[in-house]
Amino acid sequence: MFLSTFEKQLDSKRRFVVPQDFRAAAAGSFDGVFCFPSIEADCLEGGGKALFDRYADLIEELPFGDPLRTSLETVVYGGMNQLAFDSAGRITLPESLCEAFGLTDWVVVVGLKDRFQIWNRDSFRAWREEQRAAARAGLADLRQRQRAARTGGV
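A. Representation of the overall build of the protein. Scanning the protein from N- to C-terminus turns up five helices and eight strands. Reading the helices (α) and strands (β) of the protein from amino to carboxyl end gives β-β-α-β-β-α-α-β-β-α-β-β-α. For the protein, the spread of C-alpha atoms along the principal axes amounts to about 60 × 40 × 30 Å. Once local pairs closer than 6 in sequence are excluded, the contacts in the protein between residues at least 24 apart make up 61%. Accessible area for the protein stands at about 9100 Å²; split by element, carbon and sulfur atoms hold 52% of it. Side chains of the protein give 20 positive and 22 negative charges; the mean places of these two sets differ by 8 Å.

Put into structure tokens, the structure is as follows:
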């Protein structure tokens, strides 16, 4: 599993050391990770073969020519990069992705169980606050609905 949040510094070649636990979680058909622009946020999304297979299965469920399938194929397959680990456990981020997401000196790598995200540090701080507020509000709403269901809506 990809867990926790790490701040990592990019070197002059746009490389950073992937946390050891993340390297172990990504282990699969090649020694590296799959990485592409996230669908849900302004960051990169990455993971191992299991994440790639999950998206492939989702895409295959949709009929050929379906607009959603085309969109997912374009974003996921068209944006996919296979980033191999070097001997020090680093990956090199493509220049085009660094430019698109403002990844310059420091990045934040966020574990999300079966995947991870790579963020511009400042952008992540703002996103994390938005997500914390959304989680608070959503959890309060969920608890209220659960209480209403237990009491018969009274």
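Next comes the rest of the write-up.
B. Region of interest: the packing of aromatic side chains. Scanning the entire structure with this criterion turns up nine aromatic pairs. Plain terms: the ring middles of Phe 22 and Phe 116 are 5.6 Å apart, the flat faces sit at 35° to each other, and that makes the pair tilted. Placement of Phe 22 in helix H1 (residues 20-26) and of Phe 116 in strand S8 (residues 116-120) is noted, with a sequence separation of 94 residues between them. Side by side, Phe 22 and Phe 116 carry an identical accessibility label, which is buried.

C. Inspection of the pairing of S8 at higher detail. Judged by how many residues are buried, S8 sits mostly within the fold: five of five residues are covered. Where strand S4 (residues 44-47) and S8 come together, three bridges link them in antiparallel fashion. Each residue of the ladder has a partner; that of Glu 45, found in S8, is Gln 117. Strand direction decides the pairing type here: strand S7 (residues 106-111) and S8, joined by five bridges, are antiparallel. Looking across to S8, one finds that Val 109 is bridged to Ile 118. Where S7 folds back onto S8 in an antiparallel hairpin, the turn is made up of four residues, including Lys 113, whose phi is positive at roughly 70°.

D. The nonpolar core, seen in detail. Judged by nonpolar contacts, the single largest core of 21 residues is most densely connected at Phe 16, Leu 44, Ile 91, Leu 93, Leu 103 and Ile 118. It is helix H4 (residues 95-101) that provides the largest number of residues to this core, a total of three residues. Excluding its chain neighbours within four sequence positions, the residues that come into contact with Ile 91 are Arg 14, Arg 15, Phe 16, Val 18, Val 33, Leu 83, Ala 84 and Phe 85. Grouped together as the second largest cluster of nonpolar side chains are nine residues, Leu 51, Ile 59, Leu 62 and Leu 72 included.

E. Spatial organisation of the pattern of salt bridges. In the structure shown here, the tally under the stated rule is 14 salt bridges. A salt bridge links Arg 69 to Glu 73, with the nearest nitrogen and oxygen atoms 2.8 Å apart. Of this pair, Arg 69 and Glu 73 both sit in helix H3 (residues 67-79), separated by four residues, roughly a single helical turn. The exposure class assigned to Glu 73 is partly exposed, which follows from its relative accessible area of 22%. Here the salt bridges do not stand alone but share partners, grouping Glu 7, Arg 121, Asp 122 and Arg 125 into one network.

Definitions and limits used
- Residues numbered from 1 in each chain as written.
- Predicted model: local features only at pLDDT ≥ 70, side-chain atom pairs only at ≥ 80, totals over all residues.
- Heavy atoms only, no water.
- Helix = DSSP H or I, 4+ residues; strand = E, 2+ residues; numbered from the N terminus.
- Contact = heavy atoms within 4.5 Å.
- Areas by Shrake-Rupley, 256 points an atom, 1.4 Å probe, with all protein chains shown as cover.
- Lys, Arg positive; Asp, Glu negative; His and termini not counted.
- Charge placed at Lys NZ, Arg CZ, Asp CG, Glu CD.
- Phe/Tyr/Trp six-rings, centres within 6.5 Å; stacked < 30°, edge-to-face > 60°.
- Buried < 20%, exposed > 50% of the residue type's maximum accessible area, 1.4 Å probe, protein only.
- Pairing = 2+ DSSP bridges.
- Core = buried A, V, L, I, M, F, W, Y, C linked by side-chain atoms within 4.5 Å.
- Salt bridge = Lys/Arg side-chain N within 4 Å of Asp/Glu carboxyl O.

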